[in-house]
Amino acid sequence: MTKLDQIRAAEARLLLSTYDRSPVLFVGGHGVHIFDENGTKYLDLLSGIGVNALGYNHPAITKTIAEQSQKLIHTSNLFYHEGQAELALRLTERSGLDRAFFANTGTEAWEAALKLARAHAGVLRSEGKTIGTKFLALEQSFHGRTFGAMSTTYKDKYREPFAPVVPGVEFVKLNDLADLRAKFSNEVCAILVEAIQGEGGIRPLTQEFFAEARALASSTGALLIVDEIQAGMGRTGKWFAYQHYGIQPDVTTLAKPIAGGIPLGAVLCTEEVARSFHPGMHGTTFGGGPLACSVAIAVIDAIEKEGLLANATTVGDYFQQQLRSLAKRHDAVVDVRGKGLMVAAELDSAELGKLTVAEMLKRHILINCTSDTVLRFLPPFILERAHVDTAIKALDEIFSEYAAGQGATASAGGHQRG
């Protein structure tokens, strides 16, 4: 048995059945490439589902981990360490918000944001305002796997096996102004959005819808909470995807790329919202530890020093241009969308979506397919045009082969009918 075979057999005996893994054993990486046990190099256009912002073995990360691990890895949040305030300063300066809370993951950050919304509404009620506890979330949204996050996630497949979910959530049609207005009232404590939906298929909010959500929330004291877990920290060419709209949220959540692969999540909020929490209302054992904070600081500094916001914009634009050229040659590509290095190509069939991911893997390129038909590209911020060209060439081959196969099948079928 190969080492991969041994690990697969062991996992089949020992792990909960939660992942449908591809049969590849990765052991190392460098830059935008990751290597399997045989030394085969793969171009990674998924970056650990949007996590490895600086790719693999970036010196800013490896140096910081080595140095910090010899000083302090964990203290607990009962004491001070040097990293949290320094990281919070960087995040608040770049977000336009005032205060931070650090968690371990995106879903934990989202849970904290939901608790903030309910607590803030309670403070407003104590001051004489009329405001309820309801959340408005969006169709096609995805916010995480824990109970509150899952309850504000749209697709039934994420919620139904665990019903009953957390009550008080209603879903609004994406970018439907009339539906948003009809469902909003002073019973709502927060409107929950992703500026660009990730798992939902790289679907951006329209300017009009986002602005209306902001206006409605402001009209009653409800919060506008923006999930930036996938789109944030520079992936779209700005630190936060909401900055493309010129709209400021009351609360935002971060995770995936914030610490370049070390688990870390964050909630950022205004001073007004922050007054809703006091010691004992929320907490975490591991969140915001010395190691994670020091790496996150190094990631932010490297993004700025290496001009990676600009790179995300220019290479991302090039990626979309090349995908649109591909769409002109292949009818199977029905839409191309995204911002920066958060890019999607929507196909006309789930069959082709699944096939494309598998065929790209055979060509040593990592992507995935979300919402059944949407090829999702979330590469490291250090991606170059040459890497895009490699991916486009592979996609062109796959779509051509698929179309030829479909044509041959149709011809054979037509011949049999004759």
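The preceding data block contains the structure.
Residues numbered from 1 in each chain as written. Predicted model: local features only at pLDDT ≥ 70, side-chain atom pairs only at ≥ 80, totals over all residues. Heavy atoms only, no water.

Colleague: Where do I start with empty space enclosed by the protein in this structure?
Modeller: One simple way to see leftover space: roll a probe sized like a water molecule over the atoms. The tally for this structure, following the rule as stated, stands at one cavity of 30 Å³ or more. Along the walls of the largest cavity sit His74, Thr75, Ser76, Asn77, His81, Gln84, Thr285, Gly287, Gly288, Gly289 and Pro290, which together make up its complete lining. In terms of residue class, the lining of the largest cavity is built from one nonpolar, ten polar and no charged. (1 Å grid on protein atoms, 1.4 Å probe; cavity = no way out; pocket = protein on both sides within 12 Å on 5 of 7 lines; lining within 4 Å. Points joined across faces, edges and corners; volume = space filled by probe spheres on them. Nonpolar A, V, L, I, M, F, W, Y, C, P; charged D, E, K, R; others polar.)

Colleague: When you look at the packing of helix H4 (residues 83-95) against helix H11 (residues 290-305) in this model, what are you seeing that I'm missing?
Modeller: Packed helices, taken two at a time, are described by their axes: the angle between them and the distance between them. Where H4 contacts H11, the axes come no closer than 9 Å and their chain directions differ by 35°. Handedness of the H4/H11 crossing: left-handed. For the pair formed by H4 and H11, the contact residues are Gly83, Gln84, Glu86, Leu87, Arg90, Leu91 and Arg94 on the first element and Cys293, Ala296, Ile297, Ile300, Asp301 and Glu304 on the second. A class-by-class count of the residues in the contact of H4 with H11 yields six nonpolar, two polar and five charged. (Axes fitted to C-alpha atoms, helices over the stretch in contact; angles between N-to-C directions. Helix = DSSP H or I, 4+ residues; strand = E, 2+ residues; numbered from the N terminus. Left-handed = near helix turned anticlockwise from the far one by under 90°. Contact = heavy atoms within 4.5 Å.)

Colleague: Where do I start with the pairing of strand E5 (residues 134-138) in this structure?
Modeller: Looking along a regular strand, one sees the side chains alternate between the two faces of the sheet. When you tally the buried positions in E5, you get four out of five residues, the bulk of the element. Pairing of E5 with strand E6 (residues 169-172) involves four bridges; the strand directions are parallel. Counterpart to Leu138 in the pairing with E6 is Val172. (Buried < 20%, exposed > 50% of the residue type's maximum accessible area, 1.4 Å probe, protein only. Pairing = 2+ DSSP bridges.)

Colleague: Would you mind going over the environment of Phe26 with me for this structure?
Modeller: Take Phe26: it is sitting in strand E1 (residues 26-30). When its relative accessible area of 30% is taken as the criterion, Phe26 is described as partly exposed. Here the alpha-carbon distance between Phe26 and Val299, two residues 273 residues apart in the chain, equals 23 Å. If near-sequence neighbours (up to four positions away) are discounted, Phe26 is found in contact with Ile34, Phe35, Asp36, Tyr42 and Leu366.

Colleague: Sorry if this is basic, but what is going on with the layout of surface pockets here?
Modeller: By volume, the second largest pocket amounts to about 840 Å³. What lines the second largest pocket is a set of 24 residues, among which Gln84, Ala100, Phe101, Phe102 and His282 lie closest to the centre. Only H4, strand E4 (99-103) and strand E12 (265-269) provide two or more residues apiece to the lining of the second largest pocket. Here the lining of the second largest pocket takes four residues from E4, the largest share from any one element. Looking at the lining of the second largest pocket residue by residue, the classes come out as 14 nonpolar, nine polar and one charged.

Colleague: What exactly am I supposed to notice about the side chain of Ser371 here?
Modeller: Within the secondary structure layout, Ser371 lies in the loop between strand E16 (368-370) and strand E17 (374-377). In terms of polar contacts, Ser371 uses its side chain to reach the backbone carbonyl oxygen of Glu199, at 3.3 Å. In this view, Ser371 contacts Lys155, Glu199, Gly200 and Gly201; residues no more than four positions away in its chain are not counted. (Polar contact = N/O pair within 3.5 Å; in protein donor to acceptor, adjacent residues only side chain to side chain.)

Colleague: Honestly, the sheet that holds strand E3 (residues 41-44) in this entry has me stumped. Any pointers?
Modeller: Within a sheet, neighbouring strands are paired by backbone hydrogen bonds and run either parallel or antiparallel to one another. In spatial order, the strands read E1-E2-E3-E15; together these four strands make up an open sheet with mixed pairing. This sheet does not close on itself; its edge strands, each paired only once, are E1 and strand E15 (365-366).

Colleague: So what exactly am I meant to see when it comes to the nonpolar core here?
Modeller: The nonpolar side chains of soluble globular proteins are, as a tendency, buried together. Counting 83 residues, the largest nonpolar core has Leu87, Leu91, Ile191, Phe210, Leu224, Ile225 and Ile258 as its most contacted members. Examining the composition of this core, we find that ten residues originate from one element, H11, more than from any other. Core analysis: the next-biggest nonpolar cluster, separate from the first, contains 31 residues, Ala312, Leu323, Val333 and Ala394 among them. (Core = buried A, V, L, I, M, F, W, Y, C linked by side-chain atoms within 4.5 Å.)

Colleague: What exactly am I supposed to notice about the sheet that holds E4 here?
Modeller: An order of E4-E12-E11-E10-E7-E5-E6 is seen for the seven strands of this open sheet, with the pairing classed as mixed. Because the sheet does not close on itself, it has two edges, and the strands there are E4 and E6. Neighbour to neighbour, the strand axes of the sheet diverge by 20° on average, direction disregarded. Pairing of E4 with E12 involves five bridges; the strand directions are antiparallel. Along E12, the bridge assignment pairs Phe101 with Val267. Contacts between H4 and the sheet are confined to E4, strand E11 (251-254) and E12, with E4 contributing the most and set at about 120° to the helix. Contacting E5, E6, strand E7 (188-193) and strand E10 (223-227), helix H9 (residues 207-220) crosses the sheet at an angle of about 140° to E10.

Colleague: Which parts of the structure should I look at to understand the packing of helix H3 (residues 59-69) against H11?
Modeller: Direction vectors running N to C along H3 and H11 enclose 150°, while the axes themselves pass 9 Å from each other. Relative to H11, the element H3 is oriented roughly antiparallel. Between H3 and H11 lies a crossing of right-handed hand. Within the contact between the two elements, H3 uses Ala60, Ile61, Thr64, Ile65, Gln68 and Ser69 and H11 uses Pro290, Leu291, Ser294, Val295, Ala298, Val299 and Ala302. A per-class count over the contact of H3 with H11 returns nine nonpolar, four polar and no charged. (Parallel < 35°, antiparallel > 145°, perpendicular 65-115°, else oblique.)

Colleague: Explanation requested: the environment of Thr146 in the structure shown.
Modeller: Positionally, Thr146 belongs in the loop between E5 and helix H6 (147-151). Classification of Thr146 by relative accessible area gives partly exposed; the value is 30%. Along the backbone, Thr146 and Gly106 are 40 residues apart, and their C-alpha atoms lie at a distance of 10.0 Å. In this view, Thr146 contacts Thr107 and Glu111; residues no more than four positions away in its chain are not counted.

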